[in-house]
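Listed below, chain by chain, are the residues.
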Amino acid sequence: MIRKAQDCKIELREHMRDGDGTVQITHFSTAEELNEKGRLFGKITLNPGCGIGFHVHETDSELFYIIKGTAEYDDNGTKVTVSAGDVTVCPAGTGHSITNKTDEVVELVAVIVYA
């Protein structure tokens, strides 16, 4: 199966997880296409000043692959700078957030899988 870019669902989420601004999520697949083993495979776009607030993953894990830009990532209470090419992993039972504090757009691929 092939899904063309123009056929991917785009979702805008204001103040995602109490973060600042509006986050754009481009959904690449559905949970059904992930064989119900995950709930997200998509691209997240963070415009300057936007972010996803801190939250804990209780029953799933989330991975980010940074495609473009630089962001501040809260890794379960430790803030670090992540840039294009970096990978973050938030295992079940831990928390994270990500915020674009630059003047450039940040793009990342996100995958959420069930624990």
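Small disclaimer: the values here were computed from a predicted structure and weren't measured.

Rules used in this analysis
Residues numbered from 1 in each chain as written. Predicted model: local features only at pLDDT ≥ 70, side-chain atom pairs only at ≥ 80, totals over all residues. Heavy atoms only, no water. Pairing = 2+ DSSP bridges. Helix = DSSP H or I, 4+ residues; strand = E, 2+ residues; numbered from the N terminus. Axes fitted to C-alpha atoms, helices over the stretch in contact; angles between N-to-C directions. Buried < 20%, exposed > 50% of the residue type's maximum accessible area, 1.4 Å probe, protein only.

**Student:** Lay out the sheet that holds strand 7 (residues 78–83) in plain terms, naming residues and giving numbers.
**Tutor:** On the basis of which strands lie adjacent, the open sheet formed by four strands has the order 4-9-6-7 and antiparallel pairing. Unpaired on one side and paired on the other, strand 4 (51–57) and strand 7 mark the two borders of the sheet. Between one strand axis and the next, the sheet turns by 20° as a mean value, whatever way the strands run.

**Student:** Could you give me a rundown of the sheet that holds strand 5 (residues 60–68), with the residues and numbers involved?
**Tutor:** The strand order 1-2-3-10-5-8 describes an open sheet built from six strands, whose pairing is antiparallel. A strand with exactly one partner marks an edge of an open sheet, and here the two such strands are strand 1 (9–14) and strand 8 (87–90). For this sheet the average axis-to-axis angle between neighbouring strands, irrespective of direction, equals 25°. In this sheet, strand 2 (residues 22–27) lies alongside strand 1 in antiparallel orientation, the contact comprising six bridges. Bridging across to strand 2, Leu12 finds its partner in Gln24.

**Student:** Report on the pairing of strand 8, specifying residues and quantitative values.
**Tutor:** Of the two faces of strand 8, the one holding Thr88 and Cys90 is buried and the one holding Val87 and Val89 is not buried anywhere. In the sheet, strand 5 pairs with strand 8 via four bridges, with the strands oriented antiparallel. Pairing of Glu62 across the sheet is with Cys90, part of strand 8.

**Student:** Go over the pairing of strand 6 (residues 70–75), please, and point to the residues and values.
**Tutor:** Looking at chain direction, strand 6 and strand 7 are connected through six bridges and run antiparallel. When the sheet's bridge partners are listed, Glu72 is paired in strand 7 with Thr81. Count of turn residues in the strand 6/strand 7 antiparallel hairpin: two residues, of which Asn76 carries a positive phi of about 55°. Bridge analysis of strand 6 against strand 9 (residues 94–99) gives four bridges, and the strand direction is antiparallel. Considered in strand 9, the bridge of Glu72 is made with Thr99.

Honestly, it's all geometry; don't read function into it.
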